Amino acid sequence: MVDVARQLLDELMGRNRNLDPTASAKEVSWADEEFCPYFLVKFCPHDLFVNTRADLGQCTKLHDDEAKRLYDEAKPCRKKTQYEEDFLRFCTNMINEVDRKIAKGKQRLLLMNSKTDGGRSVPKQQEHLNALTEKINKLVHEAEEAGTRGDVEQAQGLMEQCDKLKEEKDALVKQHESNGWSVTAEIAASQEKQMEVCEVCGAFLIVGDAQQRIDDHLTGKQHLGYSKLRKAVDEMYEARRKNTINLEERRSRDDDRRRRDNTKREERKSRERDERHNSKRDDRDRNRYRRDYRDHKERNDRHDNNRQRDRNHRRDRNERNERERVRDRDRSRSRSY
């Protein structure tokens, strides 16, 4: 009791209620173990079913609004993920437990209905009685309408048919009584209130009950508590599904971007290879041209040299021949003298 009172005072007046006002307050951290992780995530299930059959008792952790604000403002981390997992696990276990209770309640109703149907010995006769009652009521209504219109003959005919059906019904009732069965009990059994199980909290409800009782059930702590649990779990799973879809979309976009980047990189490399190949080919062409030009020049130079040599050779030969002629002439002249 002392711990509970201390916790309530902490929640109402703050954790630093006993400190000196002039002293600096201790900084709050949502990761402290004293704070309730369920309350930080969404709400504490212990607060939903107070003074009901599903009461979980007093929560042993502290519910602090400042810590919850800090938790909401904090960035996603491993501890926050762990808190969410614990909250989902706790709420899912409670929902699974009430779902098993709902399934058992439905089986119980089916078993009760089967036993009730087996205990009735004259279901066909009861159906016949109900059909006769409906026909009699219908004929009486039509006779009243005919009397209102002033059609006396039709009203009398309808009343005669109604009297015949009443006689048939009385005879059937007497037959039931002679067989030892109580028609009143049978009618009461046939008009027994049908039960159903609430799909949210598992409580037994009367089919077609008064609206006030239905509203009281729907606004009760147990029904609202399980409804809040189911809604919170659905919202968290839906948020996870959206996050998974967004993550897959981001991964898909990243894959597409990487493929585009790889394609651009390959294209750039291909262009660079082509440029290098073209550059090498141009270099080869230039070198070939230079070599061909050099060879051609060398051939021309050799040809020029050969021509010059030939000219020199012919000139020398001519000069030699000329000298020989001059010598021969001089020699001839000297002989003549």
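As the structure is a computational prediction, the values presented were derived from the model and not from experiment. (Residues numbered from 1 in each chain as written. Predicted model: local features only at pLDDT ≥ 70, side-chain atom pairs only at ≥ 80, totals over all residues. Heavy atoms only, no water.)

Some remarks on the overall build of the protein
This is how it is decided: The way it works is that DSSP assigns letters per residue, a run of H or I at least four long becomes a helix, a run of E at least two long becomes a strand, and they are numbered from the N terminus. Partly exposed describes any residue whose relative accessible area lies between the buried limit of under 20% and the exposed limit of over 50%, with all areas from a 1.4 Å probe on protein chains only and scaled to the type maximum. Should any heavy atoms of two residues lie within 4.5 Å, those residues are considered in contact.
Secondary structure summary: the protein contains nine helices and two strands in total. When the helices and strands of the protein are listed from N to C terminus, the series reads α-α-α-α-α-α-α-β-β-α-α. Counting every position in the protein, which comprises 337 residues, the buried fraction comes to 20%. The contacts in the protein between residues at least 6 apart in sequence include a share of 71% that link residues at least 24 apart.

A look at the confidence of the model for the protein
As a note on interpretation, predicted positions should not be read in detail where pLDDT is low. Note the cut-off: Every residue is assigned a pLDDT by the predictor, reflecting its confidence on a scale from 0 to 100.
Averaged over the protein, the pLDDT score is 79; the fraction of residues at 70 or greater is 82%. Between the elements of the protein, mean pLDDT differs from a low of 44, seen in helix H7 (residues 183-190), to a high of 93, seen in helix H2 (residues 37-41). Scored below 50 in pLDDT, residues 180-192 makes 14 contacts in the model with residues more than four places away or belonging to other chains.

Notes on the packing of aromatic side chains
This is how it is decided: Pairing of aromatic side chains here covers Phe, Tyr and the six-membered ring of Trp, requires ring centres within 6.5 Å, and sorts the geometry by plane angle: under 30 degrees stacked, over 60 edge-to-face, intermediate tilted. A ring has a charge above it when a Lys NZ or an Arg CZ is no more than 6 Å from the ring centre and no more than 35 degrees off the ring normal.
In this structure the tally under the stated criterion is eight aromatic pairs. Taking the centre distance of 5.4 Å and the plane angle of 85° together, the rings of Phe43 and Phe87 count as edge-to-face. Of this pair, Phe43 sits in the loop between H2 and helix H3 (65-73) while Phe87 sits in helix H4 (residues 78-119), and the two are 44 residues apart along the sequence. The burial state of Phe43 is the same as that of Phe87; both residues are buried. One Lys or Arg, Lys68, reaches over the ring of Phe39 and ends 5.4 Å from the middle of that ring. The lysine or arginine in question, Lys228, covers the ring of Phe43, its NZ or CZ lying 4.7 Å from the ring centre.

Overview of a positive patch on the surface
Note the threshold: What goes into a patch is any residue over 30% in relative accessible area without a salt bridge, connected to like charges within 9 Å or, for nonpolar side chains (Val, Leu, Ile, Met, Phe, Trp, Tyr), within 5 Å. Per-residue accessibility takes into account occlusion by the displayed protein chains alone, with areas from the Shrake-Rupley method and a 1.4 Å probe. One speaks of a salt bridge when a side-chain nitrogen belonging to Lys or Arg is within 4 Å of a carboxyl oxygen belonging to Asp or Glu. Neither His nor the chain ends is counted toward charge; the positive residues are Lys and Arg and the negative residues Asp and Glu. In plain terms, the charge of a residue is placed at NZ if it is Lys, CZ if Arg, CG if Asp and CD if Glu.
A cluster of basic residues, Arg265, Arg268, Lys269, Arg271, Arg273, Arg276, Lys280, Arg281 and Arg284, forms a positive patch on the protein surface. Topologically, Lys269 is positioned in helix H9 (residues 221-336). Exposure remark for Lys269: the relative accessible area of 38% places this residue in the partly exposed category.

Describing a negative patch on the surface
A cluster of acidic side chains, namely Glu160, Asp163, Glu167 and Asp170, defines a negative patch on the protein surface. Structurally, Glu160 can be placed in helix H6 (residues 152-178). A relative accessible area of 51% places Glu160 in the exposed class.

Observations regarding the pattern of salt bridges
For the structure on display, the rule yields 15 salt bridges. Measuring nitrogen to oxygen at the nearest pair gives 3.5 Å for the salt bridge that ties Glu235 to Lys42. On the criterion of sequence distance, the pair formed by Glu235 in helix H9 and Lys42 in the loop between H2 and H3 is long-range, its members being 193 residues apart. Residues Arg69 and Glu66 are paired through a salt bridge, measuring 2.3 Å at the closest nitrogen-oxygen approach. In this pair, Arg69 and Glu66 both sit in helix H3, three residues apart, roughly one turn of the helix. Judged by relative accessible area, Arg69 falls into the partly exposed class, the value being 37%.

A few points about the nonpolar core
For the record, the criterion: We call a set of buried Ala, Val, Leu, Ile, Met, Phe, Trp, Tyr and Cys residues a nonpolar core when their side-chain atoms join them within 4.5 Å.
By size, the foremost hydrophobic cluster in this structure holds 31 residues, and its most contacted members are Trp30, Leu40, Phe49, Phe87, Tyr226 and Leu229. Elements that contribute at least two residues to this core include exactly H2, H3, H4 and H9. In terms of residues, this core owes the most to one element, H4, which gives seven residues. In this view, Phe49 contacts Ala54, Asp55, Met94, Lys221, Gln222, Gly225, Tyr226 and Leu229; residues no more than four positions away in its chain are not counted. One finds Leu129, Ile136, Leu158 and Leu165 within the second-largest nonpolar core, a separate group that totals 10 residues.

Remarks on the side chain of His63
To keep things clear, this is the line we draw: A 3.5 Å cut-off defines polar contacts: any pair of N or O atoms within that distance qualifies, except that in protein one atom must be a possible hydrogen donor and the other a possible acceptor, and neighbouring residues in sequence count only when both atoms are side-chain atoms.
Structurally, His63 is set in the loop between H2 and H3. His63 sits in the buried class, given a relative accessible area of 10%. There is a polar contact of 3.4 Å between the side chain of His63 and the side chain of Asp47.

Concerning unusual backbone geometry
The phi dihedral of Asn51 falls on the positive side, at around 60°, and the residue is not glycine. Inspection of the secondary structure puts Asn51 in the loop between H2 and H3.

Comments concerning the side chain of His46
On the secondary structure map, His46 appears in the loop between H2 and H3. With near-sequence residues (within four places) excluded, His46 lies in contact with Leu56, Gly57, Gln58, Cys59 and Phe90.

Brief notes about the state of the cysteines
As used here, a disulfide is simply a covalent bond connecting the sulfur atoms of two cysteines. Heads up, the condition is: By definition, disulfides here are pairs of cysteine sulfur atoms that lie within 2.5 Å.
Per the stated rule, a full pass over the model turns up zero disulfides. No disulfide involves Cys91; its nearest neighbouring cysteine sulfur is the one of Cys44, lying 9.4 Å away. When its relative accessible area of 0% is taken as the criterion, Cys91 is described as buried. Cysteine Cys201 remains unbridged, with the sulfur of Cys198 as its closest cysteine sulfur at 3.7 Å. Given a relative accessible area of 1%, Cys201 falls into the buried group.

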